[in-house]
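So you can see what is in the structure, the chains are spelled out below.
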Amino acid sequence: MLARLGRWCHDNRWRVVGAWIAVIVVLVVATAGAGQNFGASFETPDSEGGDGFDLIDEYFGGQGSGFPGRVVFRAEQGVDDPSVRGPMDAYFTELAAQDGIAVVSPYDPQAFGQISEDGTIAFAQVEAPSTLTDSEAEQLGPELKDLAPEVDFQVEFGGELFFEFHPPESEIFGLAFAIFILIAAFGSVVAMGLPIGVALGGIATGVLSVGLVSNLVEMPDFTLTLAVMIGLGVGIDYALFIVTRYRDELHAGHDSATATARAIDTAGRAVLFAGTTVVISLLGLLLIGLGFVRGLGIGSSMTVLVTMIASVTLLPALLGFIGPRIEVTKARGLFAAVLVALALVSVGVGVAPLAAGFAGLALIILIVGAWLPKLRDTLPARRVKPIEETIPYRWSRLVQRYPVWMALLGTVILLALTIPALSLRLGFSDEGNIEEDFSSRRAYDLLADGFGPGFNGPILLVAELDGPADLEAVTAEIGGTEGVAAVTPPFPNDPENPTAVIWRAFPTTSPQDVETDDLVKRLRADDALPGAQADGLDVLVTGSVAINQDFSQFLARRIPIFFTAVLLLSFLLLMTVFRSVLVAVKAVIMNMLSIGAAYGLVVAIFQWGWGIELVGLGRGGPIEPFIPMMLFAIVFGLSMDYEVFLLSRVREEWKRTGDNARSVADGLASTARVITAAAAIMVFVFGSFLLETDRVVKLFGFGLAAAIALDATIVRLLLVPATMELLGDRNWWMPKWLDRLLPELDVEGHGSDDEDPSDRNGHGEYVPRHAARPGDEPEPELVNT
């Protein structure tokens, strides 16, 4: 079926390409009309923080549950000096006049502790309504900033409302590095351009689709960033595996249509299975039961699904246009490709004139080079070495010579890197992690200097009033709790007839510190506020710090369920495909080892702060609670890609030769170059996101890059050949009763209808066919005695 699909797309290439263009145009028009609606909250079901926000919404009109912001200013002459108070008071009045904006100025009578003791630092609390979407809040923040007066003292803006979001541009670097890597690995400009073109087509379609679905499904604002990151990596990888197999089929003497059919039926089949595994892993996030996480899973899986479809439909159509010219590289094309890559790098670093120069020079070379003999010449094709002369083949043989030591070495390295993950602390980092170039970081530092670090994350306490209560005693108990630096007087919803009150407690530590989490737990303890209990008050602890803690604890309870479901399903899929229990067990264990090692590196850098300056952050902090789950889903799926591509080739060789050791060496040698190139591209694509400003994006990029690097080196080059050598033919053991129960899923494929009929028996099944190669010992001749 896949062979027929590949041949049909090849022969009907104009229709296929036209259909893809039409789909993209329709999506562009639909997105322009419907728009996008990204935005998600971190509220968790059945949590005290959520119940507290409900009370605030009911009695205080949502105060404290919207988009908070702070305007922090410092003046050496004192914030009460007329030259300071005049323009700032007028600014706060103008802010309060904006629709839906609530402002508590430090000059207001009801303000509490908003001017530092030395009188040089003050802050105003600004809040936009919770009815806004994330996108609307992102647009509103800069508009409110623009209203600020021009003054000769320091004014900074912090908080969620004024968060400085910059659209990601680092994928430009990923594309540039992909060009360099593909040219170096394959020496063909066309073979380089096809994977990138298919990946971009799939990403464009996927991102537009995700934008439309955001109107129906709750998705956080960085879903598109994550979708582009994953789509670019898997899109290039999937197309690269198929293009490589296509070139192999051309080298075997097949014409373009047959080579395309065979490539789609073999590598394309593995791509479909690998991509399905990634999609299933991402959709496993639906088990968490939170809209925020569900949106991330749906958005990411949609992009992977579209790029996977592009690999088996759009790519064969493009191969029909290229044909055997995929092996031809003109000198001018090589020079132009390198210049385009340099232009992309120039765009990434923000040097537009240099980028324009490189792009213009590339265009000149393409046009003028057609008449210049040196640039018009075709570069000689690389000599294809016999498989026994390749470095991967020799490496596999070396590993297979010392399998026990190699397996121990790989396992010890991964376990050592996993050790930091044992101290993983889930939570949300604060603005103290941002680089000092940003106003939000400077506002954070000003507040910490003037009032203490806890003023950057106040804790809200709210209670309903059913009768008379000694609120002053409750306020004293809150202020006397260990870890509380200050607490505001109770603020009633109605001064004349109050039915609810709210307090703001300021911790002695920053919002991301573990001591602040401990404070929330102390305030929530049953014996925390005896005066409130005596008066029958049910004081709920809420606010961003408390709700973040609830969110982290909720996810921590759900993560084991998600891990178990993904591991079990992946095990069943691998066992069904490769008809082996041990192969599936090994794959799951090895992938867990590489993911654990990646977790360890993430904790060491982003939580412990080892080398934190090298990734452009201020200090270490807790790991956002959804990141381990997302990394697991993505990395496990991508690791299974390499597992499927390698093992499908190993099993193909084993079924052909019946020699386990030779099959492992041949399979590793046949796939090493493409897996290495694909992994290098992914590492650069994901690693380039370290250049972004957002900590979450940096963390995702580093975690994915580290996991892929470990998987493509230690797992694929050490553990896989070593363990498969130790197990021998037991690699392919499957109980007969289980074999009968499992459905047949053929992931290797066997080419198109042009395959060698001698490879099949009378039942149409493949049988081992031992092929003598240089260096093989001749089989002994049997003699009757």
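Residues numbered from 1 in each chain as written. Predicted model: local features only at pLDDT ≥ 70, side-chain atom pairs only at ≥ 80, totals over all residues. Heavy atoms only, no water.

1. Considerations on the overall build of the protein
To keep it simple, the criterion reads: Working definition: helices are DSSP H or I runs of at least four residues, strands are E runs of at least two. Numbering for both runs from the N terminus. Here a residue-residue contact requires only that any non-hydrogen atoms of the pair lie within 4.5 Å. In this description, accessible areas are obtained by the Shrake-Rupley approach with a 1.4 Å probe, and a residue is regarded as covered only by the protein chains that are shown.
Secondary structure summary: the protein contains 25 helices and 9 strands in total. For the protein, long-range pairs separated by at least 24 residues make up 80% of all intrachain contacts whose partners lie at least 6 apart in sequence. Summing over all exposed atoms, the protein offers an accessible surface of approximately 32900 Å²; the carbon and sulfur share of this is 61%.

2. Description of the pattern of salt bridges
Applicable threshold: Only one rule defines a salt bridge in this text: a Lys or Arg side-chain nitrogen within 4 Å of an Asp or Glu carboxyl oxygen. Throughout, exposure labels follow a simple rule: accessible area from a 1.4 Å probe, protein chains only, divided by the maximum for the residue type, with under 20% read as buried, over 50% as exposed, and the rest as partly exposed.
Inspection of every chain in the model, using the stated rule, returns 15 salt bridges. Close ionic contact of Arg 524 with Glu 48 constitutes a salt bridge, the shortest N to O distance being 3.6 Å. Separated by 476 residues along the polypeptide, Arg 524 in helix α18 (residues 514-524) and Glu 48 in helix α3 (residues 48-60) bring together distant segments of the chain. Where Arg 524 meets Asp 550, a salt bridge forms, and the shortest distance between an N and an O atom there is 2.6 Å. With Arg 524 in helix α18 and Asp 550 in helix α20 (residues 544-578), this pair connects stretches of sequence that are 26 residues apart. Classification of Asp 550 by relative accessible area gives buried; the value is 7%. Residues joined in a network through salt bridges with shared partners are Glu 48, Arg 524 and Asp 550.

3. Brief notes about the packing of aromatic side chains
Where we set the bar: Between 30 and 60 degrees the pair is tilted, below 30 it is stacked and above 60 it is edge-to-face, where a pair is any two Phe, Tyr or Trp rings, Trp via its six-membered ring, whose centres lie within 6.5 Å. The rule is short: NZ of Lys or CZ of Arg within 6 Å of the ring centre and within 35 degrees of the ring normal puts a charge over the ring.
The final tally for this structure, using the stated rule, is 20 aromatic pairs. Across from the ring centre of Phe 321, 5.7 Å away, lies the NZ or CZ of Arg 13, which sits over that ring.

4. Examining helix α6 (residues 171-186)
For clarity, the threshold we go by: Each helix should span, by expectation, one fewer than its residue count multiplied by 1.5 Å.
Over its 16 residues, α6 extends 22 Å from the first C-alpha to the last, a length consistent with the 22 Å expected when each residue adds 1.5 Å. With 13 of its 16 residues buried, α6 lies for the most part within the structure.

5. Brief notes about the confidence of the model for the protein
Operational definition: pLDDT gives the predictor's per-residue confidence on a scale running from 0 to 100.
Looking at the protein as a whole, the pLDDT averages 82, with 89% of positions reaching at least 70. A low-confidence stretch, residues 752-785 (pLDDT under 50), is modelled with 49 contacts involving residues beyond four sequence positions or located in other chains.

6. Digging into the side chain of Thr 307
When you line up the elements, Thr 307 lands in helix α10 (residues 291-322). Once you skip the residues sitting within four places of it in the chain, Thr 307 turns out to touch Gly 202, Ile 203, Gly 231, Val 234 and Gly 235.

7. Comments concerning the nonpolar core
Applicable threshold: Throughout, nonpolar core names a set of buried Ala, Val, Leu, Ile, Met, Phe, Trp, Tyr and Cys residues whose side chains join them through atoms within 4.5 Å.
By size, the foremost hydrophobic cluster in this structure holds 164 residues, and its most contacted members are Phe 626 and Phe 700. Core analysis: the next-biggest nonpolar cluster, separate from the first, contains 25 residues, Phe 67, Phe 92, Ala 128 and Leu 140 among them.

8. Comments concerning the packing of α6 against helix α23 (residues 660-687)
To be explicit about the condition: Here an axis means a line fitted to C-alpha atoms, over the contact stretch when the element is a helix, while the angle between two N-to-C directions is reported on a 0 to 180 degree scale. Roughly parallel covers angles under 35 degrees, roughly antiparallel covers those over 145, roughly perpendicular covers 65 to 115, and oblique covers all other angles. A crossing counts as left-handed when the near helix is turned anticlockwise from the far one by less than a right angle, and as right-handed when that turn is clockwise. Residues were grouped as follows: Ala, Val, Leu, Ile, Met, Phe, Trp, Tyr, Cys and Pro as nonpolar; Asp, Glu, Lys and Arg as charged; and all remaining residues, including Gly, as polar.
Interaxial distance between α6 and α23 falls to 9 Å at its minimum, and their mutual angle equals 165°. For the element pair α6 / α23, the angle class is roughly antiparallel. Considering the relative orientation of α6 and α23, their crossing is right-handed. Of the residues in α23, those touching α6 at Gly 174, Phe 177, Ala 178, Ile 181, Leu 182, Ala 185 and Phe 186 are Arg 673, Val 674, Ala 677, Ala 680, Ile 681, Phe 684 and Val 685. Residues belonging to the contact of α6 with α23 are distributed by class as follows: 12 nonpolar, 1 polar and 1 charged.

9. What about helix α24 (residues 695-727)?
Cut-off, in case you're wondering: To get the bend at any residue, fit one axis to the seven residues that end at it and another to the seven that begin at it, then take the angle between the two axes.
Remark: the principal bend of α24, roughly 45°, maps to Val 715. With respect to burial, α24 is a largely interior element, 27 of its 33 residues being buried. Positive backbone phi, approximately 60°, marks Gly 728, located one or two places after α24.

10. Some words on the environment of Pro 129
Locating Pro 129 in the fold gives a position in the loop between β3 (121-128) and α5 (134-146). Pro 129 sits in the partly exposed class, given a relative accessible area of 25%. Counting along the chain gives 61 residues from Pro 129 to Pro 68, while the straight-line C-alpha distance between them is 8.9 Å. Not counting residues up to four positions away in its chain, the partners in contact with Pro 129 are Gly 66, Phe 67 and Gly 100.

11. Side note on the sheet that holds strand β2 (residues 102-104)
Condition: Paired strands, in this sense, are two strands between which DSSP finds at least two bridges.
Taking strand neighbours across the sheet as the criterion, the 4 strands line up as β2-β3-β1-β4 in an open arrangement whose pairing is antiparallel. For this open sheet the edge positions go to β2 and β4 (154-158), each flanked by a neighbour on one side alone. With strand direction ignored, the average angle separating the axes of adjacent strands in the sheet is 20°. Where strand β1 (residues 67-74) meets β3, 8 bridges bridge the pair, whose relative direction is antiparallel. What sits directly across from Pro 68, in β3, is Glu 127. Together, β1, β2, β3 and β4 form the strand contacts of helix α4 (residues 82-96), whose direction differs from that of β1 by roughly 170°. Strands β1, β3 and β4 of the sheet are contacted by helix α16 (residues 439-451), whose axis makes an angle of about 105° with β4.

12. Examining the pairing of β3
For β3, a buried count of 8 out of 8 residues is recorded, marking the element as mostly surrounded by other parts of the structure. On β3, burial covers both faces: Ile 121, Phe 123, Gln 125 and Glu 127 on one face and Ala 122, Ala 124, Val 126 and Ala 128 on the other are all buried.

13. Quick look at a nonpolar patch on the surface
For clarity, the threshold we go by: Without a salt bridge and with relative accessible area above 30%, a residue can belong to a patch; like charges are then joined within 9 Å and nonpolar side chains (Val, Leu, Ile, Met, Phe, Trp, Tyr) within 5 Å.
Residues Leu 361, Leu 363, Ile 364, Leu 366, Ile 367 and Val 368 make up a contiguous nonpolar surface patch of roughly 520 Å² in combined accessible area. Take Leu 361: it is sitting in helix α12 (residues 352-368).

14. Details of the packing of helix α1 (residues 2-11) against helix α2 (residues 13-34)
Running from N to C, α1 and α2 point in directions that differ by 90°, and their axes come no closer than 5 Å. As far as their axial angle goes, α2 and α1 are roughly perpendicular. For the pair α1 and α2, the contacting residues are Trp 8, Cys 9, His 10 and Asp 11 in the first and Arg 13, Arg 15 and Val 16 in the second. Class assignment for the residues of the contact of α1 with α2 results in 3 nonpolar, 1 polar and 3 charged.

15. A few points about a negative patch on the surface
Note the threshold: Two residue types count as positive, namely Lys and Arg, and two as negative, namely Asp and Glu; His and chain ends fall outside the count. To locate a charge, take NZ of a lysine, CZ of an arginine, CG of an aspartate or CD of a glutamate.
Taken together, Asp 46, Asp 51, Asp 54, Asp 57, Glu 58, Glu 464, Asp 466 and Asp 538 make up a surface patch of like negative charges. If one sorts the elements of the negative patch by residue count, α3 sits on top with 4 residues. Residue position: Glu 58 is located in helix α3.

16. Considering the environment of Ser 116
Selection rule: N or O atoms closer than or at 3.5 Å make up a polar contact, with two conditions inside protein: a donor-capable atom paired with an acceptor-capable one, and, for residues adjacent in sequence, both atoms drawn from side chains.
Locating Ser 116 in the fold gives a position in the loop between β2 and β3. Remark: the alpha-carbon pair of Ser 116 and Val 79, spanning 37 residues in sequence, is separated by 9.3 Å. Side-chain polar atoms of Ser 116 contact the backbone nitrogen of Thr 120, separated by 3.4 Å.

17. Description of the pairing of strand β5 (residues 459-464)
Within β5, 5 of the 6 residues are buried, which leaves the element mostly enclosed by the surrounding structure. Where β5 and strand β8 (residues 500-507) come together, 6 bridges link them in antiparallel fashion. Each residue of the ladder has a partner; that of Leu 460, found in β8, is Arg 504. Inspection of the sheet shows β5 paired to strand β9 (residues 540-542) by 3 bridges, in the antiparallel sense.

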